[in-house]
Amino acid sequence: MTLAENRVVIEGVAPEIDGGRFAVKRFAGEPLIVEADVFADGHDKIDCSVLYREVGEAAWSEAPMSFVENDRWRATISFAENGPAQFTIIAWRDLNAYWRYEAGKKREAGIDISLELVEGRELVEAALSSGRGSDKDVEDTTALLRRLEDLAKGGDKDGQYALLTATDTVNLLYRTGVRTNLSRYHVDVPVWVDRERAAFSAWYELFPRSQSGDPARHGTFADVEKRLPDIKEMGFDVLYLLPIHPIGKTNRKGKNNTLTPAADDPGSPYAIGSAEGGHDAIHQELGTFEDFAHLVKAAKDHGMEMAIDFAIQCSPDHPWIKQHPEWFDWRPDGTIKFAENPPKKYEDIVNVHFYRGAIPSIWTALRDIVLFWIDKGVRIFRVDNPHTKPFPFWEWLIAEVRQVDPGAIFLAEAFTRPKLMKRLAKVGYNQSYSYFTWRNAKWELEQYLRELTTEECADFMRPNFFVNTPDINPLFLQTSGRPGFRIRLALAATLGGNYGVYSGFELCEYKPVPGKEEYLNSEKYEIRAFDWKRPGNIRDDIAFFNRIRNTEPALKSFTDLAFFNFWNDNVLYYAKRTPDRSSYLLFIVSLDPFDAQGGNFEVPLWELGLPDNATVQVEALASGERFEWRGKIQHWWLNPAERPYAVFRITP
C-alpha cells in the first residue's frame, strides 16, 4: 500500500507557491534554500534530501538536508541553466543511524551489545542488496562485511563496534544503506530559473523622438544611438524605449494632454496604429527596421540590452479595427468604445477584448507580436497596464514565448491592488512595478521592504524600483530639489535588485502640472530637448551607484537585506550582505532633503561573529576614506547639501 509505505511525514515545504500551482523564481546560479518539516512516529532516526533537476533531465540530483530545529530541515540548491526546473523532498527511516544511537547508549550503560552487533552486521548485509551506491561503494561494503565477520569470529566486540561507528563506515552506509519506508513529497515543486538580468538590472527610459537635441526636429534611432555613450557613462544596462510604433491621428492629443492639437503636434505614442501599420511596424520618423537593428547592436556593444513597450491599446486608426472588428467593443449606436476610466475618457485609444469572438485569434496575434520583436533582437518587454487584461491570457502568452526564448523578460507596469500585482508575478512576470515610488517615510520603507524580502512574495515577485516614470512625477521630487533626487536614487539603486529612471531624472526635472503627479510639458505629448549635462545634474551619483552595484557582491541579491537601529526617524539605515558575510555593505540615507540629520547607530558586529567591543575596518565608498570603528555604537551626520547618503564596506 502506498499510504502505508509513505510513513515519514513531509510537510510545510518552502518555498512552494499555492501548493505548486505556480513556480518559485530564482536566477541561474542563485541559491535556493529549501525547508520542510520532516518527522515520523516513534523515536526512530530519520533523514531526508532534496531531489532537483532541470525539466527534461531524466536523472535527479540529490542534496542532503540538515536538521535545523523542531523537526525543521534545510538544504541549499541552485540551478545552472535558464528555464523550467523542479524539486521535491524524500525522507526515510535511517536504521543505521538509529542502530548507532541505540547501541551507543547501551554500551555506555554497560549493557552487553552482542545482539546489537549481529543486527549491525545485518544492516551491512542489507546495504549490499539495496542497489544503491557506485560499484566502488559496493566493493567497499563487501569488504566491510568481511572485516566485521572476521572480528565476530574472533569475539572482538570492541573492534566490531569501532568499525560500525567509524566515520568512513557511516558515510559508506549513507550511500549504500537501505532507505526504509522511503517517502516522497506529493508535489514536484516547479521553479522558473531566469537569467540574471531578470533579477538584477538598471533601466534608463527615454522617448526616442526627444533625442535629436532640437524640439523642432523629430528624433530618430540614429539620435538615440548617439546618446549611448552618455547613457553607458552613467552605468545603465537596460535601455528602455517608449512605444516606437506608428501613431494614430484620430482624436490625437495636443501638448499637455489637450483635446485641441496643433497641426504639428506628434500625439501620444501610446495611441498605437495608423495607416502605416500597427504593433509590428515602426513610426516612420524614427527610422527603418535596419536602423532599429543597428541601434540594438550598438546598445549591445555598449553593454546594454534593449527593452521596448508592449502596450496593447490601439489608436482608432489601427489596422486591426477594420481587419478584426470582433476584437473590439462597439456601442449600441455602432460607434467604437473608447478606453475609459470614468470620468476620464481616452479618445485617442481603444482597447481590445480577450473573449467572445476574439478568442483565440487575439491571443495568438499578441503572442506573435512579442515573437516578432524577439526576432528583431528584443528580449525585454515593459508591459503597459497588464492588470487590465486577463490573467489566463498572460499565463498562456508568457509560457508560449518561453518555449521560443526562455530568457525573455516581462516587466509588469501595474500600479494597482496588491493581490493583482502579486498574481501577475505568479503567472510569469519576471519583474513588477511596485509601491516604492510612494514610500518616503522610514517606517513605511522598512515595512514595505520587509514584506517584499521576507514574506512569501519574495519567492515569486521581483520589484523594479522606478524612481519616476512619464506618468508619475512623485510629489516628493516636486518639492525636494536636487537632494531629494539623490535620496531617491540612493534608495532605489541599493534597496532594489532592479531599478530604473525615466530620462530627465538625472537633470532633476520636476516641474508638475499644478496639483497633479504629472509632468508639465510632458514628452508624452510633445518633443522636448535637453542639455544632458547641464549644471546641477546628478550623473556622478548615478554612475557611482551603478558602479558599486556591479562591483560589490552584496548588492547582487534583493533579499539579503536587513534594517538596523539608527536612532533618528529621518535616517534609514540598512545592510546588504552575502550569506557568508564576505561582502558586507552598510547604507545610511537621510530622508530629509532640507536639513542635516544624524545620530547614533549600531554597527552589526554580531552578524560578523564579533563581540560588542570589536573593531572593524571601514571604507566609505563614495569618498574613498578609510578608518576604523571601535565598538558597536557609532555616530554619523549627513548634510543634504553635501551628500545625503553614505555607503560603507566593513570587514573585521
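Residues numbered from 1 in each chain as written. Predicted model: local features only at pLDDT ≥ 70, side-chain atom pairs only at ≥ 80, totals over all residues. Heavy atoms only, no water.

## Thoughts on the overall build of the protein
Piece 1. A tally of regular secondary structure across the protein gives 16 helices and 28 strands.
Piece 2. C-alpha atoms of the protein, sized along the principal axes, occupy 105 × 65 × 45 Å.
Piece 3. Within the protein, the fraction of its 652 residues that count as buried is 56%.
Piece 4. Restricting to contacts in the protein with at least 6 residues of sequence separation, those with at least 24 account for 74%.
Piece 5. Carbon and sulfur atoms make up 50% of the accessible area of the protein, which totals about 28,000 Å².
Piece 6. Across the protein, the 78 positively charged side chains and the 96 negatively charged ones have centroids separated by 2 Å. (Helix = DSSP H or I, 4+ residues; strand = E, 2+ residues; numbered from the N terminus. Buried < 20%, exposed > 50% of the residue type's maximum accessible area, 1.4 Å probe, protein only. Contact = heavy atoms within 4.5 Å. Areas by Shrake-Rupley, 256 points an atom, 1.4 Å probe, with all protein chains shown as cover. Lys, Arg positive; Asp, Glu negative; His and termini not counted. Charge placed at Lys NZ, Arg CZ, Asp CG, Glu CD.)

## Looking at the domain arrangement of the protein
Piece 1. Considered domain by domain, the protein is made up of domain 1 (1–193), domain 2 (195–244 + 282–312 + 352–551) and domain 3 (561–651).
Piece 2. Placing a centre on the C-alpha atoms of domain 1 and another on those of domain 2 gives a separation of 47 Å.
Piece 3. The interface of domain 1 with domain 2 comprises 15 residues on the first partner and 18 residues on the second.
Piece 4. Note on domain 1 versus domain 2: buried area summed over both sides is about 1,500 Å², and carbon and sulfur give 50% of it.
Piece 5. The three residues of domain 1 that bury the most area against domain 2 are Phe22, Lys25 and Trp192, which together make up 43% of that side's buried surface.
Piece 6. Between the two partners, domain 1 and domain 2, sit three salt bridges.
Piece 7. As a salt-bridge pair, arginine 21 and glutamate 395 come within 2.8 Å of each other at their nearest N and O atoms.
Piece 8. One can count nine residue pairs in polar contact (both at pLDDT 80 or more) joining domain 1 with domain 2.
Piece 9. Every element with two or more residues in the side of domain 1 that touches domain 2 is listed here: β2 (24–27) and β10 (189–194).
Piece 10. Ranked by residue count, the leading element in the side of domain 1 that touches domain 2 is β2, at four residues.
Piece 11. The class makeup of the residues in the side of domain 1 that touches domain 2 is eight nonpolar, two polar and five charged. (Domains from an automatic or database assignment. Buried area = accessible area lost by both parts, 1.4 Å probe. Salt bridge = Lys/Arg side-chain N within 4 Å of Asp/Glu carboxyl O. Polar contact = N/O pair within 3.5 Å; in protein donor to acceptor, adjacent residues only side chain to side chain. Nonpolar A, V, L, I, M, F, W, Y, C, P; charged D, E, K, R; others polar.)

## Here's the deal with the sheet that holds strand β21 (residues 561–563)
Piece 1. Here six strands make up an open sheet; going across it, the order is β21-β22-β23-β28-β25-β26 and the pairing antiparallel. The sheet is open, and its two edges are formed by β21 and β26 (626–630), each paired on a single side. Within the sheet, the average angular offset between the axes of one strand and its neighbour, ignoring direction, is 30°.
Piece 2. Pairing analysis gives seven bridges linking strand β22 (residues 571–577) to strand β23 (residues 584–590), with the strands arranged antiparallel. The residue bridging tyrosine 574 from the neighbouring strand is phenylalanine 587, located in β23.
Piece 3. Its contacts with the sheet put helix α15 (residues 481–495) on β21, β22, β23 and β28 (645–651), and the angle it makes with β22 is roughly 25°. (Pairing = 2+ DSSP bridges. Axes fitted to C-alpha atoms, helices over the stretch in contact; angles between N-to-C directions.)

## Some words on the UniProt feature "active site" (unreviewed entry) in the protein
Piece 1. Here the UniProt feature "active site" (unreviewed entry) sits at Asp384 and Glu413. Separation in sequence by 30 residues is not matched in space for these annotated residues, since their most distant C-alpha atoms are only 5.4 Å apart.
Piece 2. For aspartate 384, the position within the fold is in strand β16 (residues 380–384).
Piece 3. Here glutamate 413 shows up in strand β17 (residues 409–413).
Piece 4. When residues no more than four places from it in sequence are discounted, the contact partners of glutamate 413 are Arg382, Val383, Asp384, Asn385, Pro386, His387 and Tyr433. (UniProt positions renumbered as here; feature names shortened; annotations may be inferred.)

## Some details on the pattern of salt bridges
Two side chains that carry opposite charge are able to pair once their charged atoms sit near each other.
Piece 1. Scanning the model with the defined rule gives 48 salt bridges in all.
Piece 2. Of the charged contacts, one joins aspartate 301 and lysine 297 as a salt bridge, the two residues approaching to 3.1 Å between their closest N and O atoms. With aspartate 301 and lysine 297 both in helix α8 (residues 289–301) and four residues apart, the pair spans about one turn of that helix.
Piece 3. Classification of aspartate 301 as exposed rests on a relative accessible area of 54%.
Piece 4. Judged by its relative accessible area of 52%, lysine 297 falls in the exposed class.
Piece 5. Lysine 632 is paired through a salt bridge with glutamate 602; the nearest N and O atoms lie 3.7 Å apart. In this pair, lysine 632 sits in the loop between β26 and β27 (633–638) while glutamate 602 sits in strand β24 (residues 597–602), placing the two residues 30 residues apart along the sequence.
Piece 6. You can call glutamate 602 buried: its relative accessible area is 14%.
Piece 7. When salt bridges that share partners are traced, they join Arg227, Asp230, Glu233, Glu506, Lys533 and Arg539 into one network.

## Quick look at the sheet that holds strand β1 (residues 9–14)
Piece 1. Taken in spatial order, the four strands make up an open sheet running β1-β3-β7-β6, and their pairing is antiparallel. The open sheet has two edge strands with one neighbour each: β1 and β6 (66–69). Strand-to-strand, the axes of this sheet are offset by a mean angle of 35°, without reference to chain direction.

## Concerning the packing of helix α3 (residues 114–128) against helix α5 (residues 157–165)
Piece 1. It is the contact of α3 with α5, at a shortest axis distance of 11 Å, that shows an interaxial angle of 40°. As judged from the angle between their axes, α3 and α5 are oblique. Read as a crossing pair, α3 and α5 show a hand that is left-handed. On α5, the residues touching Ser114, Leu117, Gly120, Arg121 and Val124 of α3 are Lys157, Gln160, Tyr161 and Leu164.
Piece 2. Among the residues making up the contact of α3 with α5, the classes are represented as four nonpolar, three polar and two charged. (Parallel < 35°, antiparallel > 145°, perpendicular 65-115°, else oblique. Left-handed = near helix turned anticlockwise from the far one by under 90°.)

## Section: the pairing of strand β20 (residues 498–502)
Piece 1. With five of its five residues buried, β20 lies for the most part within the structure.
Piece 2. Of the two faces of β20, both are covered, the one formed by Asn498, Gly500 and Tyr502 as well as the one formed by Tyr499 and Val501.
Piece 3. Of the pairings in the sheet, the one linking strand β11 (residues 201–206) to β20 comprises five bridges and is parallel in character. Bridge pairing in β20 places glutamate 205 opposite tyrosine 502.
Piece 4. Here strand β19 (residues 464–466) runs beside β20; their pairing, made up of three bridges, is parallel.

## Let's talk about a negative patch on the surface
Piece 1. A surface patch of like charges, here negative, comprises Glu119, Glu122, Glu125, Glu149 and Asp150.
Piece 2. Secondary-structure elements contributing two or more residues to the negative patch are α3 and α4 (135–153).
Piece 3. The element best represented in the negative patch is α3, accounting for three residues. (Patch = residues over 30% accessible without salt bridge, like charges linked within 9 Å, V, L, I, M, F, W, Y side chains within 5 Å.)

## Digging into the environment of isoleucine 321
Piece 1. Its location among the elements puts isoleucine 321 in helix α9 (residues 319–323).
Piece 2. With residues up to four places along the chain from it excluded, the contact list for isoleucine 321 reads Ser315, Pro316, Phe328, Trp330, Ile336 and Val350.

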